[in-house]
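# Tertiary structure, described
What follows is each chain in one-letter form.
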Amino acid sequence: MNRAPATINSYDERDVMSGFVRGLKCRLCGTTYGKEPLNFCTEDFGPLEVDYDYDAIRQNVSRDLLERRPDTMWRFREFLPIDGEPAVGAQVGGTPLIKADRLAEALGVDKLWIKNDAVNFPTLSFKDRVVSVALSKAKEFGFETVGCASTGNLANSVAANSAAAGLTSYIFIPADLEATKILGTSIYGAKVIGVRGTYDEVNRLCTQVAFKYNWGFVNINLRPFYAEGSKSVGFEIAQQLGWRVPQHIVVPMAGGSLIGKIPKAFDELARVGLIDDATCKVYGAQPAGCSPISTAVKNGWDSHRPVRKPNTIAKSLAIGDPADGYFAIKLIRESGGWAEDVTDDEIADAMVLLGRTEGIFAETAGGVTVAVARKLIEQGRIPRNEEIVLCITGNGLKTQDAVVDRLEAPTIIRPSLEEFSPLVAETPAAVV
Amino acid sequence: MAIRIHIPTPMRQHTDGNAVVEVSGETIQAALDALGEKYPAITQRVFDNGQVRRFINIYLNDEDIRYLDNLETAVKDGDEVSIIPAVAGG
């Protein structure tokens, strides 16, 4: 269906300028709040979520209108919680959805796509989506200093987007993070604080800093707005599939937020009439060295048991006490999906497989997603003849150490045909 | 000396604006009960049927009490107790 708007037909519609956000609402008790930098309910500490006027959105969007806009996440601006134009990250999103036939053959399935946020702009992970919303909101609220606790990708994104927006940023990371992710934060002039501790300890410190200094922390006091940016992954997938959703989607899990926002996006599109059906089974992927959510799903628990000391090469997923774990478990179960976890060896193998079948170099979290998909297919939980989307959320150039020992070293020769030709005869694969 | 309980900013409306409340007690439970005696409104927000609510973490001197003895964790004068809402990450 294609619902034409009655009076709105340009990019700068008047209603969009004030947005469609009513305010914030507690996910537990429903208490409402205004649009303010607050992330939890003062009645029961429940997380707050953005509350939209979907009837108004329905009156103002159509497939045609959205498709005529530039191919960025802001194509779906009515469903994102900013007022007016995005002040930060106008070019974020619009990443490819790739029909992955060679990987499909390797996994033994018929229909497989990859949503490739390894090439998201500007810092090569899906985090640019959440950060562009959070920092646009930070500008609206008048914050001049922003920050985050991060396992790496969020650090890169907050640092880069803050630099572009002229904001001062403080980035708190576990001190043992991959060197590339630290360098990819410092380059933007961010003040980087390496904390000797786990991500959860960094996060706790950050919350205390946020209370003391009243800065805009993207994943603390700006979190309700920040988290909404993840929905754009789901909006784009549905649009790229021709305004419909896949039957199965596999999503990596760290804090457990993204996996909730993709089906939320599908539900919102259905609610305003842009798609007919939002039914999709959702599968969560975690590394075995930090699998609180998948462990809870597999054991039938309602909430996760925290992992005190995560130990995995997938450091971007090493959150032992995921804040959205409870919701992720519930969502996975209600969708009819499942969750699995995979070893470091399986993760690295899957990174190589993805590279060699699809030409995509994903970070370790991508290896987790592909390896978990393979496991679920082999278990028969994901049927081989149905449509599957895998979410690749970060770029392998950031986590090179994970695979360096698995790759052939280049053959070194003098610049001579005499030395080269025998190599072709001996190892034909080497010239592919 | 006493046990110092740190209150998150948005919750200070329930503690007369105080960022830190000093109490005494032998365990985390006793300290939080003492907090509740001074400011009853905070207790009903931290506890639900005697259990710490799902989206709250409580720390004793920077250590999550779930990794200690939970509410039975022993405390002494000079200890710092923090009530911190769970936050997202990535």
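In what follows, the structure referred to is the one given above.
None of these values were measured; they are calculated from a predicted model. (Residues numbered from 1 in each chain as written. Chains lettered and ligands numbered in written order. Predicted model: local features only at pLDDT ≥ 70, side-chain atom pairs only at ≥ 80, totals over all residues.)

So, about the overall build of chain B. Scanning chain B for helices and strands turns up two helices and seven strands. Listing every helix and strand of chain B by position from the N terminus yields β-β-α-α-β-β-β-β-β. Principal-axis analysis of the C-alpha atoms places the extent of chain B at approximately 40 × 30 × 25 Å. Out of the 90 residues in chain B, the part that is buried amounts to 33%. (Helix = DSSP H or I, 4+ residues; strand = E, 2+ residues; numbered from the N terminus. Buried ≥ 20, exposed ≤ 12 C-beta atoms within 10 Å, placed from the backbone.)

Glancing now at the overall build of chain A. On a plain count of helices and strands, chain A comes out with 16 helices and 13 strands. For chain A, the C-alpha radius of gyration of 22 Å lies close to 22 Å, the compact-globule estimate for 432 residues. (Rg over C-alpha atoms; globule rule 2.2 N^0.38 Å.)

Turning our eyes to something else, we now look at unusual backbone geometry. Here the residue pair Phe121(A) and Pro122(A) is connected by a cis peptide bond, since its omega of 5° sits within 30 degrees of zero. Structurally, Pro122(A) can be placed in the loop between β5 (111-116) and α5 (127-141). A positive phi angle, near 55°, is found at Asp16(B), a position not held by glycine. The residue Asp16(B) is located in the loop between β1 (3-6) and β2 (20-23) in this model. Classification of Asp16(B) as exposed rests on a count of 9 C-beta atoms within 10 Å. In this structure, Asn61(B) takes a positive phi of about 50° despite not being glycine. One can find Asn61(B) in the loop between β5 (56-60) and β6 (63-64).

A few words on the nonpolar core. Ranked by internal contacts, the top residues of the largest apolar core, which has 134 residues, are Ala134(A), Val218(A), Val250(A) and Val251(A). Among the elements that make up this core, the one with the highest residue count is helix α15 (residues 364-379) of chain A (seven residues). Ala31(B), Val52(B), Val75(B) and Ile83(B) belong to the second largest nonpolar core, which has 19 residues in total. (Core = buried A, V, L, I, M, F, W, Y, C linked by C-beta atoms within 7 Å.)

Attention shifts here to the sheet that holds strand β12 (residues 339-342) of chain A. Residues and elements named next belong to chain A. Within the open sheet, the six strands sit side by side as β4-β5-β13-β10-β11-β12. Their pairing is mixed. Only two strands of the sheet have a single neighbouring strand rather than two, namely β4 (97-99) and β12. If you compare each strand with its neighbour and ignore which way they point, the axes differ by 25° on average. Taken together, the five bridges between strand β10 (residues 248-252) and strand β11 (residues 281-287) define a ladder with parallel strand orientation. Across the sheet, residue Pro252 finds its bridge partner in β11, namely Ala285. Its contacts with the sheet place helix α13 (residues 325-335) against β11 and β12, and it is angled at close to 135° to β11. (Pairing = 2+ DSSP bridges. Axes fitted to C-alpha atoms, helices over the stretch in contact; angles between N-to-C directions. Contact = placed C-beta atoms within 7 Å.)

Residues and elements named next belong to chain A. Where helix α12 (residues 292-299) contacts α13, the two axes come as close as 10 Å, and the packing angle between them is 45°. With respect to each other, α12 and α13 are oriented oblique. Between α12 and α13 the crossing geometry is right-handed. Along the contact surface, α12 presents Pro292, Ile293, Ala296 and Val297, while α13 presents Gly325, Ala328, Ile329, Ile332 and Arg333. Here the residues of the contact of α12 with α13 sort into seven nonpolar, one polar and one charged. (Parallel < 35°, antiparallel > 145°, perpendicular 65-115°, else oblique. Left-handed = near helix turned anticlockwise from the far one by under 90°. Nonpolar A, V, L, I, M, F, W, Y, C, P; charged D, E, K, R; others polar.)

Residue and element names in this part refer to chain B. Taken in spatial order, the five strands make up an open sheet running β2-β1-β7-β5-β6, and their pairing is mixed. One side of each edge strand has no neighbouring strand; the edge strands of this open sheet are β2 and β6. In terms of strand pairing, β5 meets strand β7 (residues 80-85) through five bridges, oriented antiparallel. Bridging across to β7, Leu60 finds its partner in Val81. Packed on one face of the sheet, helix α1 (residues 28-38) meets β1, β2, β5 and β7 and runs near 110° to β2.

What follows deals with the pairing of strand β6 (residues 145-149) of chain A. Residue and element names in this part refer to chain A. Taken across its five residues, β6 has four buried, putting it largely inside the fold. Relative to strand β7 (residues 168-174), β6 runs parallel, the two sharing five bridges. Paired with Val146 across the two strands is Ser169, which belongs to β7. Each parallel crossover has a hand, and for β6 linked through helix α6 (residues 153-165) to β7 it is right-handed. Two elements, β6 and strand β9 (residues 216-217), share two bridges in a ladder whose sense is parallel. (Right-handed = clockwise from strand over helix to strand, strands pointing away.)

Three or four residues apart is the spacing at which side chains of an α-helix point the same way, because the helix has 3.6 residues per turn. Residues and elements named next belong to chain A. Taken as a whole, helix α7 (residues 179-186) has its buried residues at Lys181, Gly184 and Thr185. Along the long axis of α7, the arc covered by the buried residues comes to 100°, so they all point the same way. Residues of α7 that are exposed and point more than 90 degrees away from the buried face comprise Ala179 and Leu183. Summarising the contacts, the buried residues of α7 are in contact with α6, β7 and β8 (191-195). (Arc of directions from axis to C-beta.)

Turning to the environment of Arg69(A), a few remarks are in order. All names here are of chain A. Positionally, Arg69 belongs in the loop between α3 (63-67) and β4. For Arg69, a count of 14 C-beta atoms within 10 Å gives the class partly exposed. Put simply, Arg69 and Glu387 are 318 residues apart on the chain and 27 Å apart in space, counted from C-alpha to C-alpha.

This brings us to the environment of Ile347(A). Residues and elements named next belong to chain A. Its location among the elements puts Ile347 in helix α14 (residues 344-358). Expressed as a C-alpha distance, the spacing of Ile347 and Gly367, which sit 20 residues apart in the sequence, is 4.5 Å. Apart from residues lying up to four places away in sequence, Ile347 is in contact with Pro287, Ile313, Ala314, Val342, Thr364, Gly367, Val368 and Ala371.

Put simply, an interface is often sized by how much accessible area is lost when its parts join up. With 21 residues of chain B in contact, the opposing surface of chain A contributes 35 residues. Counting only elements with at least two residues in the side of chain B that touches chain A, the list comes to β5 and β7 of chain B. Along the lines of polarity and charge, the residues of the side of chain B that touches chain A split into twelve nonpolar, five polar and four charged.

What follows concerns the packing of helix α11 (residues 258-271) of chain A against α13(A). Residue and element names in this part refer to chain A. Two elements in contact, α11 and α13, have axes separated by 9 Å at closest approach and are oriented at 45°. Classified by the angle their axes make, α11 and α13 are oblique. Two packed elements cross with a definite hand, and for α11 against α13 that hand is left-handed. In contact with Ile259, Gly260 and Pro263 of α11, α13 contributes Phe327, Ala328, Leu331 and Ser335. Within the contact of α11 with α13, the residues separate by chemical class into five nonpolar, two polar and no charged.

The quantities given are spatial measurements derived from coordinates; they are silent on function.
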